[in-house]
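Each chain is listed here by its residues.
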Amino acid sequence: MPDSEKPDLQMQVAFRGGGFAPQSKRWIGLIVFVVLIALIEIGARLGFISNLTLPRPSDVFYTFVELWNTGLLWKHLLPSLSRLAVGATIGASLGIAVGVMIGLFSYVRAGLVPIVAAIFPIPKIALLPLFVIWFGIEEQSKYALIAFGTFTPTVVATYGAVDNVDRSLIRMGQSFSLSWFSIVTKIVLPGSMPGILSGLRVSLAIAIILLVAAEMLGAEYGVGAYILEAGSLYDLERLFVGVAILSILGVILSSVITFFETRVLDWRV
Amino acid sequence: MDLQLDNVSHRYDDVEVLRSINLVIPAGKIVCIIGPSGCGKSTLLRLIGGLELPTEGRILQIGEPPAESLNPLTYVFQDFALLPWRSVEGNISLVLEDHGIRGSHVETIISDVLARTNLTDFRKALPKQLSGGMKQRVAISRALAVKPAVMLMDEPLSALDSQTRELLMDDLIDLWTREPFTSVYVTHNLSEAVRLGHSIVVLSRRPGCIREIVDIPVPLAERKIGDIELEQKQKYLWELMRDEAAAADQELLDA
């Protein structure tokens, strides 16, 4: 037949297995950020964006430099950081402790899970007046608000993490007659670290939100007080400086957690 | 130390899993338990090691476990059950820490069991760096570290590919030949059973009860792949189980 004498058509098999595999592209995030800022700057200079809508990024930057030069930056930032540190530490450590208890003991679980579910959706800011009555107008009420706000998400994340610890590892511990305490400290706690850390990511972001809320009510210094003052004077440059400080704070905290995850959890597959 | 199962029955709620099991596990022998899937062989192993309580009947230790035995009834699990955050030596020291063994004594035990399972070079490795076969070797050396009187092995080779399985079977035979240990070895793989078992307990499908106990007198070290006698035993076992395995395959699961 003539067909069989023709040379067979050769064609490379087309590759169709690409995509659906997220890779970390390091600089893209930064580039998007810079481009966005540049666009706003250009828009503001050319008059597309009026000064009342958005301040010029360069003006915001100068305001920040001024804040730095006058030394006011640290005067606002240090009290905020200490409030955040104290409040979040209290809230997160209590949250982890209670979460582990819920994960380990059926009675604690039965008793506390409904309560946690009941207080989780309360906007903690609404309770600020109550905290002021309980703890006074000074620092304690701010610590309490931040601690309370970090507590509930940490509890939920922690007991979920404890529940997710591989049961076969616990069974293994029992089969080697490890003590209860050893099983908890050497198997359950390390096994729940991934879940606890990713819960902390959420809790710390909530802590920053509540920090500002607490400082908007009765604080002379603090990033929240600074933002509130700028807002009431309609000083958009200063408002944005404050907001940017909070964003940077959030990014730093998040990268601290990422650092811990890669260092402490390097055993993960 | 021997183990004796005295009329052991077990049920989960309405489901009868095991019925009147009477069995003696003699010291220094490997007893294989085979049966169709879902016949309760793994449950039986959990009962033997005290991880579950039988609904009826008793499990007796006859005689004292050896004085140096830290954990007389020790498991080797199908999924290895290694702590992923601990290195190979950390996984072994885990089971020694609670028995008050400290310092140089721990070192000696770890070096010894790693040498016996050819793992000395992998001492600092994390489980995620190891192949399945290596992970199971670590689990076996962890079990050896507590000097068990009876090794309870729950399908230890089932998660491995068939070549690794052959290698590990050889390792187990070597281990036993150098220093005979007592073992209950649950498997669904008949060729494993005839290679490793001094006697093979065939369970029926649920509720599991003992259908037959087949002894294989050939010494472990002399059993080779393709041995006629072993082939015949394996064929015999398969004929015993075939219909039940087919029926078990057809069953609807309760879960």
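Residues numbered from 1 in each chain as written. Chains lettered and ligands numbered in written order. Predicted model: local features only at pLDDT ≥ 70, side-chain atom pairs only at ≥ 80, totals over all residues. Heavy atoms only, no water.

Draft legend 1. Here's a closer look at the sheet that holds strand 9 (residues 210-215) of chain B. All names here are of chain B. Strand order in the open sheet made by the 6 strands is 5-6-7-3-8-9, with mixed pairing throughout. Lying at the two open borders of the sheet, with one neighbouring strand each, are strand 5 (73-76) and strand 9. Adjacent strand axes in the sheet meet at a mean angle of 20°, parallel and antiparallel pairs treated alike. Contacts from helix 4 (residues 132-145) reach strand 5 and strand 6 (150-154) within the one sheet, and its direction differs from that of strand 5 by about 175°. (Pairing = 2+ DSSP bridges. Helix = DSSP H or I, 4+ residues; strand = E, 2+ residues; numbered from the N terminus. Axes fitted to C-alpha atoms, helices over the stretch in contact; angles between N-to-C directions. Contact = heavy atoms within 4.5 Å.)

Draft legend 2. Local environment of a nonpolar patch on the surface. A cluster of nonpolar residues, A:Trp27, A:Ile28, A:Leu30, A:Ile31, A:Val32, A:Phe33, A:Val34, A:Val35, A:Ile37 and A:Leu39, forms a patch on the protein surface that exposes about 1,000 Å² of accessible area. Within the secondary structure, A:Val35 is located in helix 2 (residues 28-46). (Patch = residues over 30% accessible without salt bridge, like charges linked within 9 Å, V, L, I, M, F, W, Y side chains within 5 Å. Areas by Shrake-Rupley, 256 points an atom, 1.4 Å probe, with all protein chains shown as cover. Salt bridge = Lys/Arg side-chain N within 4 Å of Asp/Glu carboxyl O.)

Draft legend 3. View of the sheet that holds strand 4 (residues 56-62) of chain B. Residues and elements named next belong to chain B. Strands sit in the order 2-1-4 across an open sheet of 3 strands; the sheet is antiparallel. The open sheet terminates on both sides in strands that have one partner only, identified here as strand 2 (15-25) and strand 4. Put simply, the sheet's adjacent strands are angled 15° from each other on average, direction ignored. Bridge analysis of strand 1 (residues 2-12) against strand 4 gives 6 bridges, and the strand direction is antiparallel. The residue of strand 4 that forms the bridge with Asp 6 is Arg 58. Packed onto the sheet, helix 1 (residues 41-48) meets strand 1, strand 2 and strand 4 and runs at close to 125° relative to strand 1.

Draft legend 4. Region of the structure containing the side chain of B:Gln136. All names here are of chain B. Residue placement: Gln 136 occurs in helix 4. Engagement of the side chain of Gln 136 in a polar contact is seen with the backbone oxygen of Phe 77, the distance being 2.9 Å. The contact partners of Gln 136, leaving out residues within four places of it in the chain, are Val 76, Phe 77, Gln 78, Phe 80, Pro 156, Leu 160 and Leu 168. (Polar contact = N/O pair within 3.5 Å; in protein donor to acceptor, adjacent residues only side chain to side chain.)

Draft legend 5. The arrangement of unusual backbone geometry in detail. Phi angles above zero are rare outside glycine, and A:Tyr234 is one such case at about 55°. In this fold, A:Tyr234 is placed in the loop between helix 10 (223-232) and helix 11 (236-264). Note on A:Tyr234: relative accessible area 54%, which makes it exposed. Positive phi outside glycine occurs at B:Ala81, with the angle close to 50°. Tracing the sequence through the fold places B:Ala81 in the loop between strand 5 and helix 2 (88-97). (Buried < 20%, exposed > 50% of the residue type's maximum accessible area, 1.4 Å probe, protein only.)

Draft legend 6. Broad picture of the pattern of salt bridges. Residues and elements named next belong to chain B. Going through the model one piece at a time under the given rule, you end up with 22 salt bridges over all chains. Here Arg 86 ties to Glu 97 by a salt bridge, and the two come within 3.3 Å at their closest N and O atoms. With Arg 86 in the loop between strand 5 and helix 2 and Glu 97 in helix 2, this residue pair connects regions lying 11 residues apart in the sequence. A salt bridge links Asp 112 to Arg 116; the shortest N-O distance between them is 3.5 Å. Here Asp 112 and its partner Arg 116 are both found in helix 3 (residues 104-116), 4 residues apart, which amounts to about one turn of the helix.

Draft legend 7. Looking closely at the packing of aromatic side chains. All names here are of chain A. Taken as a whole and assessed by the stated rule, the structure comprises 10 aromatic pairs over all chains. Ring-pair connections join several aromatic residues into one group, and the members of that group are Phe 131, Trp 134, Phe 135 and Phe 148. The ring of Phe 148 carries the charged tip of Lys 124 above its face, separated from the ring centre by 5.8 Å. (Phe/Tyr/Trp six-rings, centres within 6.5 Å; stacked < 30°, edge-to-face > 60°. Lys NZ or Arg CZ within 6 Å of the ring centre and 35° of its normal.)

Draft legend 8. Representation of the side chain of A:His76 in the model. All names here are of chain A. Structurally, His 76 can be placed in helix 4 (residues 72-104). The exposure class assigned to His 76 is buried, which follows from its relative accessible area of 8%. Beyond its immediate sequence surroundings of up to four residues, His 76 is in contact with Glu 220, Tyr 221, Gly 222, Val 223 and Tyr 226.

Draft legend 9. Representation of the nonpolar core within the structure. Counting 127 residues, the largest nonpolar core has B:Leu96, B:Ile200 and B:Leu237 as its most contacted members. With 5 residues, the next largest nonpolar core counts A:Ile102, A:Val116, A:Phe151 and A:Val155 among its residues. (Core = buried A, V, L, I, M, F, W, Y, C linked by side-chain atoms within 4.5 Å.)

Draft legend 10. Focus on the interface of chain A and chain B. Across the contact, 19 residues belong to chain A and 24 residues belong to chain B. Both sides of the chain A and chain B interface together cover about 1,900 Å² of buried area, and 66% of this is carbon and sulfur. Broken down residue by residue, the surface that chain A buries against chain B is led by A:Phe176, A:Lys186 and A:Trp267, which jointly contribute 37%. Seen at the junction of chain A and chain B, the total is 2 salt bridges. Between A:Lys186 and B:Asp98 there is a salt bridge whose closest N-O contact spans 3.5 Å. Connecting chain A to chain B are 9 residue pairs in polar contact (both at pLDDT 80 or more). When contributions to the side of chain A that touches chain B are tallied by element, the ones reaching two or more residues are helix 8 (167-175) and helix 9 (180-216) of chain A. Among the elements that line the side of chain A that touches chain B, the one with the most residues is helix 8 of chain A, at 6 residues. Grouping the amino acids of the side of chain A that touches chain B by side-chain chemistry returns 8 nonpolar, 7 polar and 4 charged. (Buried area = accessible area lost by both parts, 1.4 Å probe. Nonpolar A, V, L, I, M, F, W, Y, C, P; charged D, E, K, R; others polar.)

Draft legend 11. The domain arrangement of chain A, seen in detail. All names here are of chain A. Domain parsing of chain A yields domain 1 (23-52) and domain 2 (55-264). Distance from the C-alpha centre of domain 1 to the C-alpha centre of domain 2: 30 Å. Taken together, the 7 residues of domain 1 in the interface contact 6 residues of domain 2. When the two sides are added together, the surface that domain 1 and domain 2 hide from each other amounts to roughly 590 Å², 52% of it contributed by carbon and sulfur. Interface area lost by domain 1 to domain 2 is led by Glu 41, Asn 51 and Leu 52, which between them contribute 57%. Counting across the domain 1 and domain 2 interface gives 0 salt bridges. (Domains from an automatic or database assignment.)

Draft legend 12. Summary view of the packing of helix 5 (residues 106-119) of chain A against helix 7 (residues 139-163) of chain A. Residue and element names in this part refer to chain A. Their axes nearest at 10 Å, the elements helix 5 and helix 7 cross at an angle of 135°. Taken together, the axis directions place helix 5 and helix 7 in an arrangement best described as oblique. Considering only the axes of helix 5 and helix 7, their crossing is left-handed. Where helix 5 approaches helix 7, its residues Arg 109, Val 113, Val 116 and Ile 119 are matched on the opposing element by Phe 148, Thr 152, Val 155, Val 156, Tyr 159 and Asp 163. Class assignment of the residues belonging to the contact of helix 5 with helix 7 gives a composition of 7 nonpolar, 1 polar and 2 charged. (Parallel < 35°, antiparallel > 145°, perpendicular 65-115°, else oblique. Left-handed = near helix turned anticlockwise from the far one by under 90°.)

Draft legend 13. Region of interest: the packing of helix 2 of chain B against helix 3 of chain B. Residues and elements named next belong to chain B. In the contact formed by helix 2 and helix 3, the axes pass within 10 Å of each other and the chain directions differ by 125°. In terms of their interaxial angle, helix 2 and helix 3 are classed as oblique. Relative to helix 3, the crossing made by helix 2 is right-handed. Only Val 106, Ile 109, Ile 110, Val 113 and Leu 114 of helix 3 make contact with helix 2, whose side of the interface consists of Val 88, Glu 89, Ile 92, Ser 93 and Leu 96.

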